[in-house]
Amino acid sequence: MTDKQQKIYVAGHRGMVGSAIVKQLNDAGFNNIVVRTHAQLDLTDQAGVRDFMQQEQPKQIIMAAAKVGGIHANNAYPAEFIYQNLMVEANVIHQAWAAGCQKLLFLGSSCIYPKLAPQPMQESALLTGGLEATNEPYAIAKIAGIKLCESYNRQYGTDYRSVMPTNLYGENDNFHLENSHVIPAMIRKFHDAKTSQSPTVTLWGTGTARREFLHVDDMAAACLHVLGLSKEHYQAHTEPMLSHFNVGAGEDVTIRELAETIQQVVGFNGDIIWDSSKPDGTPRKLMDISKIKSLDWQPQITLSDGLASTYRWFVEHHSEIKAQ
């Protein structure tokens, strides 16, 4: 990514990942970044996306737009998760090709891998077993996005790439109590309990499931690193129909350990109650990141430092978050 005048479209620029990517592009001196809010452009609208692509003619596209959520949201709205994500991917990728955009980066998710995939999960584990039931519709949509990129590359010679992040957290996350991911949900729960002087906080599951977490700024840096690789370099480390890269921290913690760390960061002095009637989800999800590390990228932000900075951001924006 040496031409800093080249037009880059970032889909999902208001989301956690998209906003971090835009910030890092700006900091690096890229000043021809195109964005649209959902009100300005509904990415599930095929005609709208076609008209936008034909008008703007972006040279590179970063697809950070997606409908995302935690276990509760995935369980409650499976039709929305599969439909909206499939439509967004199909529209953006196809219309990018139709408008002559040769370079695109698609962001997926670690949930693409089988529920019982060997740990740590390698890229080659894709499509080798059944998916976790609670988020299967979302995972199917993300797998389809990878295969769309690969199929357009095979047929049309495009340079469409995919990165699969582990669980992300950080500034601009969704802190909704029911529809958010585990870290923002815990931060809000512990903060609210501390503020109201509640003696306990109740969390889902048993706390034994293991998860890996990556700060969003590390993810944004990985995206720009992968996008900046030459086509030859990228292809030399991938296969035509196995072309994605895992992006993670390379280590995991139990949900109980995570909860206790957030409890300390927030300063909540009460007790944690584990509701074992609620699902734990996949027993373990750890990414094998040896492939992307071989391309000279690795995470820089520790979990404890990342949680502390995320909580500071949450406190600073608490008044607007309370409205969620």
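These numbers come from a predicted model, not from an experiment.

**Student:** Help me understand the overall build of the protein in this model?
**Tutor:** Scanning the protein from terminus to terminus reveals 12 helices and 13 strands. Over its C-alpha atoms the protein spans a radius of gyration of 19 Å, differing by no more than 12% from the 20 Å that the globule rule assigns to 324 residues. C-alpha extents for the protein along the principal axes are approximately 60 × 40 × 40 Å. Out of the 324 residues belonging to the protein, those deemed buried represent 50%. Contacts in the protein between residues at least 24 apart in sequence constitute 81% of all its contacts with a sequence separation of at least 6. When the accessible surface of the protein is summed, it comes to about 14,300 Å², and 48% of that surface belongs to carbon and sulfur atoms. Separation between the mean location of the 28 positive side-chain charges and that of the 34 negative ones in the protein comes to 2 Å.

**Student:** Please clarify how the nonpolar core should be interpreted in this entry.
**Tutor:** The nonpolar side chains of a soluble globular protein tend to be buried, and buried together. Ranked by size, the top nonpolar core spans 70 residues in total, and within it Leu104 and Leu107 carry the most contacts. Residues in contact with leucine 107, not counting those within four places in the same chain, are Val17, Ile21, Ile62, Met63, Ala64, Lys142, Val163, Met219 and Cys223. One finds Val253, Ile255, Leu258 and Trp313 within the second-largest nonpolar core, a separate group that totals 23 residues.

**Student:** Help me understand the layout of surface pockets in this model?
**Tutor:** Over the atoms, a rolled probe matching the size of one water molecule traces out where space is still vacant. Of the volumes computed, that of the second largest pocket is approximately 230 Å³. Lining the second largest pocket we find 15 residues, and of these Ala249, Glu251, Ile301, Thr302 and Leu303 sit closest to its centre. Broken down by element, the residue count for the lining of the second largest pocket peaks at 3 residues, all from strand S9 (residues 213–215). Its residues placed into classes, the lining of the second largest pocket shows 8 nonpolar, 3 polar and 4 charged.

**Student:** Honestly, empty space enclosed by the protein in this entry has me stumped. Any pointers?
**Tutor:** In total, this model carries 1 cavity of 30 Å³ or more according to the counting rule given. Counted as a void, the largest cavity has a volume near 50 Å³. For the largest cavity, the full set of lining residues is Ser110, Cys111, Tyr113, Pro114, Lys115, Leu131, Glu132, Asn135, Thr282 and Lys285. The residue inventory of the lining of the largest cavity, partitioned by class, reads 4 nonpolar, 3 polar and 3 charged.

**Student:** How should I be thinking about the sheet that holds strand S2 (residues 33–34) in this particular structure?
**Tutor:** Across a sheet, paired strands are connected by hydrogen bonds in the backbone, their directions being either parallel or antiparallel. Within the open sheet, the 6 strands sit side by side as S2-S1-S3-S4-S5-S10. Their pairing is parallel. Taken across any chain shown, the strands that pair with only one partner, and hence form the sheet edges, are S2 and strand S10 (244–247). When strand S3 (residues 60–63) meets strand S4 (residues 103–107), the two strands line up parallel, connected through 4 bridges. Counterpart to glutamine 60 in the pairing with S4 is lysine 103. Relative to strand S1 (residues 8–11), helix H1 (residues 16–27) is tilted by about 155°, and along the sheet it contacts S1, S2, S3 and S4. Contacts from helix H7 (residues 216–228) reach S3, S4, strand S5 (159–165) and S10 within the one sheet, and its direction differs from that of S4 by about 150°.

**Student:** How should I be thinking about helix H9 (residues 255–266) in this particular structure?
**Tutor:** Residues spaced three or four apart along an α-helix point in a common direction, a consequence of the helix completing one turn every 3.6 residues. The end-to-end C-alpha distance of H9 is 16 Å, a good match for the 16 Å that 12 residues give at a rise of 1.5 Å each. Taken residue by residue, H9 has Ile255, Leu258, Ala259, Ile262, Gln263 and Val266 as its buried positions. When H9 is viewed along its axis, its buried side chains cluster within an angular range of 140° and face the same direction. Two residues or fewer past H9, glycine 267 is found with a positive phi of approximately 90°.

**Student:** Sorry if this is basic, but what is going on with unusual backbone geometry here?
**Tutor:** For residues that are not glycine, phi is negative in most cases, and the peptide bond is trans in most cases. The residue after glutamine 119, namely proline 120, is reached through a cis peptide bond having omega -10°. Considering the arrangement of structural elements, one finds proline 120 in the loop between S4 and helix H5 (136–156).

**Student:** Whenever I open this one, the packing of aromatic side chains confuses me. Can you help?
**Tutor:** Summed over all chains, the structure comprises 10 aromatic pairs. Their ring planes at 45° and their centres at 5.6 Å tell us that tyrosine 152 and tyrosine 156 sit as a pair that is tilted. Of this pair, tyrosine 152 and tyrosine 156 both sit in helix H5, 4 residues apart, roughly one helical turn. When its relative accessible area of 14% is taken as the criterion, tyrosine 152 is described as buried. Every member of this aromatic cluster is reached through a ring pair, and the members are Phe175, Tyr311, Trp313 and Phe314. Sitting over the ring of phenylalanine 30, lysine 4 keeps its end group 5.8 Å from the ring centre.

Thresholds, definitions, all that
Residues numbered from 1 in each chain as written. Predicted model: local features only at pLDDT ≥ 70, side-chain atom pairs only at ≥ 80, totals over all residues. Heavy atoms only, no water. Helix = DSSP H or I, 4+ residues; strand = E, 2+ residues; numbered from the N terminus. Rg over C-alpha atoms; globule rule 2.2 N^0.38 Å. Buried < 20%, exposed > 50% of the residue type's maximum accessible area, 1.4 Å probe, protein only. Contact = heavy atoms within 4.5 Å. Areas by Shrake-Rupley, 256 points an atom, 1.4 Å probe, with all protein chains shown as cover. Lys, Arg positive; Asp, Glu negative; His and termini not counted. Charge placed at Lys NZ, Arg CZ, Asp CG, Glu CD. Core = buried A, V, L, I, M, F, W, Y, C linked by side-chain atoms within 4.5 Å. 1 Å grid on protein atoms, 1.4 Å probe; cavity = no way out; pocket = protein on both sides within 12 Å on 5 of 7 lines; lining within 4 Å. Points joined across faces, edges and corners; volume = space filled by probe spheres on them. Nonpolar A, V, L, I, M, F, W, Y, C, P; charged D, E, K, R; others polar. Pairing = 2+ DSSP bridges. Axes fitted to C-alpha atoms, helices over the stretch in contact; angles between N-to-C directions. Expected span 1.5 Å × (residues − 1). Arc of directions from axis to C-beta. Phe/Tyr/Trp six-rings, centres within 6.5 Å; stacked < 30°, edge-to-face > 60°. Lys NZ or Arg CZ within 6 Å of the ring centre and 35° of its normal.

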